[in-house]
Amino acid sequence: MSLPDTTTPPVPPTPQAAEHPIPASAPDASDVPDTPDTPDVPDVTDVTACRLEFGDAEHVLRVEPWGPDSVRVRAARHGIRDGLPGALSASPAAEAHVHTDASGTRILTVGRLRVELSPQGRLRFVRTEDGAELLRESVGHFAWPGPRQFTPAGDHGCRIDQRFASYEGERFFGLGQHSHGRLDHKHMVIDLVQRNGEVTIPFTLSSRGYGLLWNQPAVGRVELAANQTRWVADAAEQIDYWITTHPTPAGIMHHYADATGHAPVLPEWALGLWQSRLRYRTQDELLEVARAYQRRGLPLSVIAVDYFHWPHLGDWRFDETEWPDPAGMVAELEAMGVRPLLSVWPSVSVLSENYARMRDERLLVGTEQGQPFQHVFPDGQFAGEPLPVAFYDPTDERARDFVWSRIKRNYFDLGFRLWWLDACEPEMFPEQFGNLRYAAGPGSAVANLYPREHVRGFYEHTRAAGEEVPVSLVRSAWAGSQAYGAALWSGDIPATFGALTSQLRAGLSAGLSGIPWWTTDIGGFHGGDPDDPDYRELVIRWFQFAVFCPLLRMHGHREPRDSFAAGHSGGPNELWSYGEEAYEILTGQLRLRQDLRPYLHRQMTTAAASGAPVIRPLFFDFPDDPTAWTVEDQFLCGPDLLVAPVTRLGERRRQVYLPAGADWIDTAGHHLHPGGRTVPADAPLDRIPVFVRAGSAIATAFAH
């Protein structure tokens, strides 16, 4: 099947300056949704006065326009501070009007969004068009506390609470990537902390028609309860959030990308197969796998050089005994059309050749008390005995520069261009944020910044060294990571059908958090026996799901599993590792992926310009269909492909909901179905149900 390229990709426009720096190459979308005419009001024409302010004995509040249909809200005990760590770009232009009504309520109107500030200092957010309430603050008690609470937290500022009303039937989407297995986060408590497989991006898209970014890198939580919605930061200097509205989810995501940074256009080569297993132990082992793909005529885009290729954590160089000629390896891979993915960890062992200098020059994450070690991990020849490990501090520009100096000399200058930023939460346990000190501030106040500043350093330095669109595979992210070429994968997950079910929701949530480049370990990470027929079925079903994801990546710690010692390679995980029947199915699905690449690349280009995720829930394109908001086990790949993964062992038929507003063609039987109904669909082992939107360009390709 060959898919025609029938569209002209939009060209990303020039980026805007940022309060928190966004890379100069990060494209912004020029086609921001139109803002309706603002009703006539007694307005303030001085743009500097187009904001709302309030103060009492407890705190001060400021609300100001922050892009079309959007405002930024800040509150502090004494005075509002600019320049604190956050995700927002510098204030974009927006037409705004301020007036006071007969009750004394001050009203700020920014396009489709109206903000009402009562004389008592309470905020209410309203849709301009029809006066419908989007969100309002609620109080903790009739006397105290009010909607905003500041509790002293010693030298680390305050613990802050922001309360909003809870609405029956409201649904919350986004909030990063989580493994709890739900797409709608209502009635859940979400920890705002970075962990392996749990990615905190504090942006939520509400079914009530607004998006809210909690512009705080602090550790905390959000409580989406029946009685109230509450955002909590364990330590911060001020409340800071951004709210936007638009009639469609697509418009909300567009505004969010404008506010936090647009992803670059993913290079076309990245849409091919990425091959990995726990680790290829030596240069010869890795090259033999790449040669085997070539001998079999299987297209391969990327192969991974994983951890323990170094002498010690924090050396950021090859162990020459097992990797004697990295430059020669890169050259041979390049001749095969394959790019090496190079694992880089932020960890620095006490045995590293760089440890003493980084310690003495204060390039490591510091501590408030005790030794400067935050974790233990096996290292080099001492792999069986965990040793103290520290982490470099990417919130310090000097530290980012130092790490890059080693990366450039030992990797980039040998031909490596593609970075695998593993363990970049960073992973540490027990968690000790109150004991950490970063250049950007106390750990409890800024720890969630770590993965974004880490990928930022690699993006900016790699681009400055001549790579047009740097790509980094990351295990964690924060708001704005997308602007730095972050390709998020879902971490170390179980090798089960239950995990596959959760991953579908996790990927959709990541996309609705502003991260369009997303992938997962096909087959899960922890375990999986390639000789087990049930596990082979899981790999097949997972691969079929991944064919429609932004990145297609084989990875995992397969049986026979051993320790994570430097001498261990992990069980086989190549396409031919799962028997002849699976091999035939997987290679057929790989051919389908090759055919889909032009379509997927168009979606990547659209994502860069508009912030639209490549894989998204049905409601994203069909917001007027109430049922589409409830479907969690299907997704759209771009606007024209509807995919229904199979997530149960032995399932060979499933029900598929077709959203109202379009007709749909079954790609297996080529039958036309009206939208707005559920239909049964066959799901034999060699394929999953896929429908195409009738009348779309891609439908003609599937018709043959």
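What you see is a predicted model; the values in this text were computed from it and never measured.

Conventions we followed
- Residues numbered from 1 in each chain as written.
- Predicted model: local features only at pLDDT ≥ 70, side-chain atom pairs only at ≥ 80, totals over all residues.
- Heavy atoms only, no water.
- Core = buried A, V, L, I, M, F, W, Y, C linked by side-chain atoms within 4.5 Å.
- Buried < 20%, exposed > 50% of the residue type's maximum accessible area, 1.4 Å probe, protein only.
- Helix = DSSP H or I, 4+ residues; strand = E, 2+ residues; numbered from the N terminus.
- Contact = heavy atoms within 4.5 Å.
- Pairing = 2+ DSSP bridges.
- Axes fitted to C-alpha atoms, helices over the stretch in contact; angles between N-to-C directions.
- 1 Å grid on protein atoms, 1.4 Å probe; cavity = no way out; pocket = protein on both sides within 12 Å on 5 of 7 lines; lining within 4 Å.
- Points joined across faces, edges and corners; volume = space filled by probe spheres on them.
- Nonpolar A, V, L, I, M, F, W, Y, C, P; charged D, E, K, R; others polar.

1. Some remarks on the nonpolar core
Here is step 1: Ranked by size, the top nonpolar core spans 166 residues in total, and within it Trp274, Trp419, Phe543, Phe548 and Leu575 carry the most contacts.
Here is step 2: If you tally residues by element for this core, the top one is helix 10 (residues 580-610), at 11 residues.
Here is step 3: The contact partners of Trp274, leaving out residues within four places of it in the chain, are Trp269, Val302, Leu341, Leu418, Val471, Leu473, Leu551, Leu552, Arg553 and Met554.
Here is step 4: One finds Cys50, Ala75, Ala96 and Val98 within the second-largest nonpolar core, a separate group that totals 42 residues.

2. What about the sheet that holds strand 2 (residues 60-65)?
Here is step 1: Reading across the sheet, the 7 strands line up as 1-2-3-17-14-13-11 and stay open at both edges, with antiparallel pairing between neighbours. This sheet does not close on itself; its edge strands, each paired only once, are strand 1 (52-55) and strand 11 (172-174). Neighbouring strand axes in the sheet, compared pairwise and without regard to direction, differ in orientation by 20° on average.
Here is step 2: Across 6 bridges, the pairing between strand 2 and strand 3 (residues 70-76) is antiparallel. Residue pairing for strand 3: Arg62 is matched across the bridge by Arg74.

3. What about the pairing of strand 17 (residues 238-245)?
Here is step 1: For strand 17, the tally of buried residues reaches 8 of 8 residues, placing the bulk of the element in the interior.
Here is step 2: Taken together, the 7 bridges between strand 3 and strand 17 define a ladder with antiparallel strand orientation. Within strand 17, the residue paired with Ala75 across the bridge is Ile239.
Here is step 3: Note: strand 14 (residues 210-214) against strand 17, 5 bridges, orientation antiparallel. Counted as the bridge partner of Trp214 is Tyr241 from strand 17.

4. Thoughts on empty space enclosed by the protein
Here is step 1: Summed over all chains, the structure comprises 5 cavities of 30 Å³ or more.
Here is step 2: What the largest cavity holds in volume is close to 70 Å³.
Here is step 3: Forming the walls of the largest cavity are Met253, Tyr256, Ala257, Gly261, His262, Ala263, Gln482, Gly514, Pro516, Ala607, Gly611 and Ala612.
Here is step 4: Broken down by element, the residue count for the lining of the largest cavity peaks at 3 residues, all from helix 1 (residues 249-260).
Here is step 5: Considering only residue class, the lining of the largest cavity consists of 7 nonpolar, 5 polar and no charged.
Here is step 6: What the second largest cavity holds in volume is close to 60 Å³.
Here is step 7: Along the walls of the second largest cavity sit Leu313, Trp345, Ser347, His375, Phe377, Val389, Phe391, Ala423 and Glu427, which together make up its complete lining.
Here is step 8: Taken together, the residues of the lining of the second largest cavity break down into 6 nonpolar, 2 polar and 1 charged.

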